Amino acid sequence: MAESDPLLSRARGGSGRDCPVGLPSCRSVLVGPGAKAGWDLCFDQAVVFIEDAIQYRSINHRMDARSMWLYRWYYSDTCQRILSFIIFSILSLAFIETPSSFTSTSDVRYRTAPWNPPCGLTEGIEMLCLLAFMADLSVKSYLVGWAQFWKNLWLLGYLLVLVVSLTDWTVSLSLVCQEPLRIRRLFRPFFLLQNSSMMKKTLKCIRWSLPEMASVVLLLALHLCVFTMFGMLLFTGEKQDDRQDRERLTYFRNLPEALTSLLVLLTTANNPDVMVPAYSKNRAYAIFFIIFTLIGSLFLMNLLTAIIYNQFRGYLMKSLQASLFRKRLGTRAAFEVLSTTAEGEARDRGVGVKPRDLLQVLQKVQLDSTYKQAIMERVRSYGGSLLSADEFQKLFNELDKRVTKEHPPLPQYRSPFLQSAQFLFGHHYFDYLGNLMVLANLVTICVFLVIDADVVPGNRDDFVLGILNCVFVLYYVAEMLLKVFALGLWGYLSHPSNVFDGLLTIILLVLEISTLAVYRFPHPGWKPEMQGLLSLWDMLRLVNMFIVFRFLRIVPSLKLMAVVASTILDLIKNMRAFGGILVVVYYVFAIIGINLFHGVIVTPGNGSLAPDNSSAACGSYEQLEYWANNFDDFAAALVTLWNVMVVNNWQVFLDAFRRFSGPWSKIYFVLWWLVSSVIWVNLFLALILENFLHKWDRRGHLQSLSGELETTYEMSTVELLFRDILEEPTEEELMEKLKRHPHVQLCR
């Protein structure tokens, strides 16, 4: 619902003092019997406004006491987790519904008949989810008001999707689940989209960037068509020998084949295969393919990346500017409902908020305790003086700062010997020793892997490696216990790196004890037997490799590496919106693929048109044994789409599905390539570039000021990634917007 709020226009001059008539105000009753109730309502409204600001939500919703209770309950962690689980459940139904993905393999040669749920099972679960979504839509519609509901395209789309889904569900049940097409499956990703404001922003930015992307795609299409015609003329002349005819028959047999060959060459997936037959005849033919690749792959494709980066960045900044405006508007609204007129000697300060009132409000706000404590300490520092609007706003800048976690105090020992031991084992040099042992452990494993590479598994002697592994595991256990002694149990667990090390050490210890119990102590000729997929010994060695992650501790001490590492971590934290868009695209294309290509890939023989593997052409679907890549169920469709998105050998899929289902199948795969490999991958690259360049510029700026790299802000949201380049809204803009609140009077 926040996405439909228009950005405030840049008009200036509004004082914000002309309030609309007829709207209620919590400050309308400040004296008399209703004074306490009036102030309680003010406090509750301030709590909601502050929570809206923290979450970058719109404040244009009902603000009466009952509505605010419903609003806070709806956006509580419990309710949102339940809603997220319902969305996850309805999306996961695609794995269970017919055709079910419950088989050990998707290879058509070995796949057994899958278990398909009885009619009504998944439909019952789906109906429960749809009922929950109906309740969700009802709550949202009530909170924003019906006038705002009919202006909100996302809520109207929500209603339309529910109507279509319920209608299709009714048809499905009336046909006893035998309907050939379930339209509602295509609309399920909408429930994921509408529940994420950042995904809505990303989708809006993509939509705004499409015209610029389309211009470059048109250039690519023109480039492709021109070179296709040249290729048809070059390789279909009157005088042809065997090699030139091979080029024609393989890659330029007709116009669709020629277009497909050059389109695949645009992604370099069939390079140099497409060029070899002609190049073997005459060197000059290489010029045609080199020029095509230079213009298409190295110029136009990179130009598309640049355009997407530039346009998407601009639109993303505009969208994030709107989020910043909502945050400032929420805090200013809270200031307005809490503000009082100064009295006595403080009258020169005009209007402000009493610190004790703000402290009462902050007690009710749903906020991380560390941030809440930091803000409350700053509020107490003002004493009894009123907080101005600017001071009130700056208080909430604490939310953008990195939280410095305080570790529990160290245990106190009276013995001088224990105190010395505590200092020794709590020193960072002890961590360096642990890292050296980890390095020795990894080197040992690598050396024995190289030595045993050419030895038959049955002839290997793991005696030495078994002894060394026992030594390393014992050291890790001793290190963990000594750190617990030095830091205390809670002090040890307060460091995430120690938690990882301790968990890994316990797993290694359990596996080592189990290995010794099953295979006895290592001795000459010691070789643990294979039992199942992996022996305990092999599991122990695999888990041991996770020790390498301990080396990540040295990253912060290397400044250049720290910039790269922090960029990666920020991307991981903020990839939910981009990852969500990719999930939506994968889901929709997988459902479409199942409806188009389900069952078209059949096992060779038994009347199948597929050639036997021995007679299949080299590099074909059959010869490469790509039988597991199909659209016979949802899981197989996802993997097939992933393999096409990577574009390695994607011409094999184009050719196979052309032969099995028809030439029109190429449209589906080319559209998937455009959406996934061209658009989404370039958007991801744009986010990486912007994030890294922003951090690099900030690093240079901080080094020029202080000579060292410091991080002031925790990049926990996409908004904070770019906060330094966003413009602060003006006083006039905020007051003009507050004056237009549809449900409550927020101006004086």
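The structure displayed is predicted, hence computed values, not measured ones.

A word on the overall build of the protein. Of regular secondary structure, the protein possesses 28 helices and two strands. Each of the 748 residues in the protein was classed as buried or not, and the buried ones make up 47%. Excluding contacts between residues fewer than 6 apart, the proportion of contacts in the protein whose partners are at least 24 apart in sequence is 75%. Split by element, the accessible area of the protein, about 37700 Å² in all, is 65% carbon and sulfur.

What follows covers the state of the cysteines. One pass over the full model with this rule turns up one disulfide. Shown here is the disulfide that connects Cys119 with Cys177, its sulfur atoms set 2.0 Å apart. Given an S-S torsion of about 70 degrees, the disulfide between Cys119 and Cys177 has right-handed geometry. Taken together, the residues Cys119 in the loop between helix H3 (77-96) and helix H4 (121-144) and Cys177 in the loop between helix H6 (153-174) and helix H7 (184-194) connect sequence positions 58 residues apart. Classification of Cys119 by relative accessible area gives partly exposed; the value is 42%.

Our next topic: the packing of aromatic side chains. What the rule picks out here adds up to 38 aromatic pairs. Consider the rings of Trp146 and Phe149, whose centres lie 5.6 Å apart with planes at 80 degrees: the pair is edge-to-face. Of this pair, Trp146 and Phe149 both sit in helix H5 (residues 146-149), three residues apart, which is roughly one turn of that helix. Since its relative accessible area comes to 49%, Trp146 is described here as partly exposed.

A few words on the pattern of salt bridges. This model, assessed by the stated rule, comprises 28 salt bridges. A salt bridge links Arg253 to Glu257; the nearest nitrogen and oxygen atoms lie 4.0 Å apart. The buried category is assigned to Glu257, whose relative accessible area is 12%. Note that Glu736 and Arg740 form a salt bridge whose closest N and O atoms lie 2.9 Å from each other. Note on Arg740: relative accessible area 55%, which makes it exposed.

H4 packs onto helix H2 (residues 65-74) with a crossing angle of 135 degrees between their chain directions and a minimal axis gap of 11 Å. The angle between H2 and H4 places the two elements in the oblique class. For the crossing formed where H2 meets H4, the hand is left-handed. Contacts between H2 and H4 pair Ser67, Leu70, Tyr71 and Tyr74 from the former with Asp136, Val139, Lys140, Tyr142 and Leu143 from the latter.

Let's shift gears to the nonpolar core. Phe133, Phe191, Phe252, Phe289, Leu338, Leu358 and Trp650 are the most contacted members of the largest nonpolar core, which has 144 residues in total. At 20 residues, helix H12 (residues 285-338) tops the list of elements feeding residues into this core. Dropping the residues within four chain positions of it, Phe191 is found in contact with Ile87, Ile90, Leu130, Phe133, Tyr158, Val161, Leu162 and Ser165. Residues Val473, Tyr476, Val477 and Leu508 belong to the second largest nonpolar core, which totals 14 residues.

On to H2. Those residues of H2 that fall on the buried side of the exposure criterion are Ser67, Met68, Leu70, Tyr71 and Tyr74. Projected onto a plane normal to the axis of H2, the buried residues spread over an arc of 160 degrees and lie on a single side. Opposite the packed face of H2, turned more than 90 degrees from it, sit the exposed residues Ala65, Arg66 and Trp69.

A cis amide bond, omega 5 degrees, links Thr98 with the succeeding residue Pro99. Structurally, Pro99 can be placed in the loop between H3 and H4. Pro272 follows Asn271 through a cis peptide bond whose omega is 5 degrees. Phi at Tyr56 takes a positive value of approximately 60 degrees, unusual for a residue other than glycine. Note that Tyr56 resides in the loop between helix H1 (35-54) and H2. Overall, the relative accessible area of 11% leaves Tyr56 in the buried class. Of note, the phi angle at Asn649 is positive, near 65 degrees, even though the residue is not glycine. For Asn649, the position within the fold is in the loop between helix H24 (634-646) and helix H25 (650-661).

The next thing to look at is the packing of H3 against H7. Packing of H3 against H7 brings their axes to within 9 Å, and their N-to-C directions diverge by 155 degrees. The pairing of H3 with H7 is recorded here as roughly antiparallel in orientation. In this structure, the crossing between H3 and H7 has a hand that is left-handed. Contacts from Ile87, Ile90, Leu91, Leu93 and Ala94 of H3 reach H7 at Arg185, Arg188, Pro189, Phe191 and Leu192. Counted by class, the contact of H3 with H7 contains eight nonpolar, no polar and two charged residues.

What follows deals with the side chain of Asn152. Its place among the elements puts Asn152 in the loop between H5 and H6. At 3.2 Å, the side chain of Asn152 and the backbone nitrogen of Leu155 are in polar contact.

When you line up the elements, Ile445 lands in helix H17 (residues 428-451). Measuring from C-alpha to C-alpha, the distance between Ile445 and Asn469 comes to 9.0 Å, with 24 residues separating the pair along the chain.

The next subject is the side chain of Thr122. Take Thr122: it is sitting in helix H4. For Thr122, the side chain forms a polar contact with the side chain of Glu123, separated by 3.2 Å. Excluding residues that lie within four positions of it along the chain, Thr122 makes contacts with Leu93, Ile96, Glu97 and Pro117.

The next subject is the environment of Gly434. Here Gly434 is to be found in helix H17. The exposure class of Gly434 is buried, given its relative accessible area of 0%. Along the chain, Gly434 and Glu479 lie 45 residues apart, while their C-alpha atoms are 7.6 Å from each other.

With twelve residues, helix H14 (residues 369-380) extends 16 Å from end C-alpha to end C-alpha; this agrees with the ideal 16 Å at 1.5 Å per step. Taken as a whole, H14 has its buried residues at Tyr371, Lys372, Ile375, Met376 and Val379. For H14, the buried positions fall inside an angular range of 130 degrees around the axis, keeping them on one side. On the buried face of H14, the contacting elements are helix H13 (355-364) and helix H15 (389-395).

Looking at the protein, pLDDT values average 79 and 77% of them are 70 or higher. Taking the mean pLDDT of every element in the protein, the minimum, 55, falls on helix H27 (residues 718-721) and the maximum, 94, on H4. Segment residues 341-349 is flagged for pLDDT under 50; beyond a separation of four residues in sequence, or across chains, it makes ten contacts in the model. Counting interchain partners and residues more than four positions distant, the pLDDT-below-50 stretch residues 701-716 has 34 contacts.

Before going further, it helps to spend a moment on the environment of Asp52. Within the fold, Asp52 resides in helix H1. Taking relative accessible area as the criterion, Asp52 reaches 0% and is therefore assigned buried. Setting aside its immediate chain neighbours within four residues, Asp52 contacts Arg57, Ser58, Ile59, His61 and Tyr71.

The rules behind the values
- Residues numbered from 1 in each chain as written.
- Predicted model: local features only at pLDDT ≥ 70, side-chain atom pairs only at ≥ 80, totals over all residues.
- Heavy atoms only, no water.
- Helix = DSSP H or I, 4+ residues; strand = E, 2+ residues; numbered from the N terminus.
- Buried < 20%, exposed > 50% of the residue type's maximum accessible area, 1.4 Å probe, protein only.
- Contact = heavy atoms within 4.5 Å.
- Areas by Shrake-Rupley, 256 points an atom, 1.4 Å probe, with all protein chains shown as cover.
- Disulfide = S-S within 2.5 Å.
- Phe/Tyr/Trp six-rings, centres within 6.5 Å; stacked < 30°, edge-to-face > 60°.
- Salt bridge = Lys/Arg side-chain N within 4 Å of Asp/Glu carboxyl O.
- Axes fitted to C-alpha atoms, helices over the stretch in contact; angles between N-to-C directions.
- Parallel < 35°, antiparallel > 145°, perpendicular 65-115°, else oblique.
- Left-handed = near helix turned anticlockwise from the far one by under 90°.
- Core = buried A, V, L, I, M, F, W, Y, C linked by side-chain atoms within 4.5 Å.
- Arc of directions from axis to C-beta.
- Nonpolar A, V, L, I, M, F, W, Y, C, P; charged D, E, K, R; others polar.
- Polar contact = N/O pair within 3.5 Å; in protein donor to acceptor, adjacent residues only side chain to side chain.
- Expected span 1.5 Å × (residues − 1).
- pLDDT = per-residue confidence, 0-100.

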